[in-house]
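Given next are the chains, with one letter for each unit.
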Amino acid sequence: MAITNCSSISISKLDFPVSCSQNINNKPSISSIPICRKSVSTKKFFISVKTPKSCGYISNSLVNDYSIDETSKESTIQVPIEVKTSMWNWRGYSIRYQYSGNSGPALVLVHGFGANSDHWRKNLPVLAQSHRVFSIDLIGYGYSDKPNPRELGVDNFYTFETWGCQLNDFCKDVIRDKAFFICNSIGGLVGLQAAVMEPQLCRGILLLNISLRMLHITKQPWFGRPLIKAFQNLLRNTAVGKFFFKSVATPESVKNILCQCYYDTSQVTDELVQAILLPGLEPGAVDVFLEFICYSAGPLPEELLPQVKCPVLVAWGDKDPWEPIELGRAYGKFDTVEDFVVLPNVGHCPQDEAPHLVNPLVESFVARHANVEN
């Protein structure tokens, strides 16, 4: 596929429309960007504690503006919420995670492709009011280690099985308890895979715009499969892949990509762009990127959902240009899925674009199942 100005380049059906006309040698000024260092740190968030009239999850499976109590915003209490960052040694690799909250059910927030635990910065301190909340950088992303798959002697390292094992081990080693998985995009497949592998560790899964994996090899016509494999080989084994990565790993391209998948583009702030971009500039990030966009095998959501034993709630931003809600509605028909919730006027990353809808949805889902044994 030729890379042209404003071309749409499919990345694991994330169809990232990226502008490639800029000078790829124009790198972001690191001196102007606060670097997140690999050490234990503490953040304090001041949030507004509200008592909404409804929980954000209503019976007609549509979360709308009226499900949030606007009048309650007038009387709020500022409460300092401490969010800590730490590192966990997993199989010899350093894994970053953030955590907050001292009581209540455990929640693990799982990010999507190209993101990291900072993508949950608007959710973690709010949910920590009544839960023990953890957000984790999957290996290869964020500030977790990024081992080169070519040096590991395996065909594919960055797979849902790898990340599913990581998530389960995190529950056993760090949380030391079973947990609810709150997942966005490809993180949804990670949560499902983990729940299938060790069902005793998962109390429930909330899927936010789960990846449909439209570039999966089984979803391609037979005559197109050799072309896909040839293109993947070109990206992984020639300079084309690294050229493509360099064109994407710039502030301008990251902002452009985010503006495509956020319906409310005012939420695409410089803080968000930096949070996504900076880990992508670390050594090894390009190898992870190329490995995953060439990963067209592995499980599909429709294969994992029937195997899951815990309750599942599916929620979808109805303005998602990458994972159309018309296709997503099919996941609401599985027996294990209790409902399909529409998030109006929201794009692919509801947790960051519309936390006022997602946070109450998480709280109500967890409350319904917190005292239920799977």
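Conventions and cut-offs
Residues numbered from 1 in each chain as written. Predicted model: local features only at pLDDT ≥ 70, side-chain atom pairs only at ≥ 80, totals over all residues. Heavy atoms only, no water. Helix = DSSP H or I, 4+ residues; strand = E, 2+ residues; numbered from the N terminus. Contact = heavy atoms within 4.5 Å. Areas by Shrake-Rupley, 256 points an atom, 1.4 Å probe, with all protein chains shown as cover. Phe/Tyr/Trp six-rings, centres within 6.5 Å; stacked < 30°, edge-to-face > 60°. Buried < 20%, exposed > 50% of the residue type's maximum accessible area, 1.4 Å probe, protein only. Core = buried A, V, L, I, M, F, W, Y, C linked by side-chain atoms within 4.5 Å. Pairing = 2+ DSSP bridges. Polar contact = N/O pair within 3.5 Å; in protein donor to acceptor, adjacent residues only side chain to side chain. Salt bridge = Lys/Arg side-chain N within 4 Å of Asp/Glu carboxyl O.

Now for the overall build of the protein chain. Along the protein chain, the regular secondary structure elements total twelve helices and eleven strands. Of the contacts formed within the protein chain by residues at least 6 apart in sequence, a portion of 76% connects residues at least 24 apart. Of the accessible surface of the protein chain, which amounts to about 15900 Å², a share of 53% is contributed by carbon and sulfur atoms.

Another point: the packing of aromatic side chains. Applying the stated rule across the entire model yields 17 aromatic pairs. Plain terms: the ring middles of Phe134 and Phe170 are 5.8 Å apart, the flat faces sit at 80° to each other, and that makes the pair edge-to-face. Pair noted here: Phe134 is in strand S7 (residues 132–136) and Phe170 is in helix H2 (residues 160–175), with a separation of 36 residues, a long-range link. Given the relative accessible area of 0%, Phe170 is considered buried. Here the aromatic rings of Phe157 and Tyr158 are separated by 4.9 Å at their centres, their planes lie at 85°, and the arrangement is edge-to-face. In this structure Phe157 comes out as buried when scored by relative accessible area, which is 14%. On the accessibility criterion, Tyr158 (0% relative accessible area) is buried. Each residue in the set Tyr93, Phe113, Tyr141, Phe157, Tyr158, Phe160, Trp163 and Phe289 is aromatic and connected to the rest through ring pairs, giving one cluster.

Bringing the environment of Val133 into the picture now. Relative to the helices and strands, Val133 resides in strand S7. Take Val133: its relative accessible area is 0%, and that puts it in the buried class. Not counting chain neighbours up to four residues away, the residues in contact with Val133 comprise Gln98, Tyr99, Ser100, Leu107, Leu109, Leu124, Leu127 and Ala128.

It is worth spelling out the nonpolar core at this point. Counting residues in each nonpolar core, the largest one holds 73 residues, and the members touching the most others are Val108, Trp163, Phe170, Phe181, Ile205, Leu207 and Leu258. Leave out the neighbours within four places in its chain, and Ile205 touches Phe181, Cys183, Gly191, Leu192, Ala195, Val308, Cys310, Pro311, Val312, Leu313 and Phe365. One finds Val133, Phe180, Ala354 and Val362 within the second-largest nonpolar core, a separate group that totals 26 residues.

Turning our attention to the pairing of S7. The side chains of a regular strand alternate, first on one face of the sheet and then on the other. Among the five residues of S7, four are classified as buried, and the element is accordingly described as predominantly covered. Sheet topology note: the strand S5 (residues 93–100)/S7 ladder contains four bridges and is antiparallel. Note on S7: the bridge partner recorded for Gln98 is Ser135. Note: strand S6 (residues 106–110) against S7, five bridges, orientation parallel. For Leu107, the partnering residue across the bridge sits in S7 and is Val133.

It is worth spelling out the side chain of Asn116 at this point. With respect to the element layout, Asn116 can be found in the loop between S6 and helix H1 (124–127). You can call Asn116 buried: its relative accessible area is 1%. A distance of 2.9 Å separates a polar atom in the side chain of Asn116 from the backbone oxygen of Ala275. Setting aside anything within four residues of it in sequence, one finds Asn116 in contact with Arg96, His111, Asp137, Gly142, Ala275, Ile276 and Pro279.

What follows deals with the side chain of Lys146. With respect to the element layout, Lys146 can be found in the loop between S7 and H2. Of note is the side chain of Lys146, whose polar atom sits 2.5 Å from the backbone oxygen of Gly142. A distance of 3.1 Å separates polar atoms of two side chains, one belonging to Lys146 and the other to Glu282. Apart from residues no more than four positions distant in its own chain, Lys146 is found in contact with Gly140, Tyr141, Tyr158, Pro279, Glu282, Pro283, Gly284, Ala285 and Val288.

Counted under the stated rule, the structure contains twelve salt bridges. Glu282 is the partner of Lys146 in a salt bridge, and the nearest nitrogen-oxygen pair spans 3.1 Å. Pair noted here: Lys146 is in the loop between S7 and H2 and Glu282 is in the loop between helix H7 (270–277) and helix H8 (285–293), with a separation of 136 residues, a long-range link. Residue Lys146 is classed as buried on the basis of its relative accessible area, which comes to 11%. Residue Asp169 pairs with Lys172 through a salt bridge whose shortest N-O separation is 3.4 Å. With Asp169 and Lys172 both in helix H2 and three residues apart, the pair spans about one turn of that helix. Asp169 gets classed as buried once you look at its relative accessible area, which sits at 14%. Residue classification places Lys172 among the partly exposed residues on the basis of a relative accessible area of 37%. Here the residues in one salt-bridge network are Arg91, Asp169, Lys172 and Glu198, joined through shared partners.

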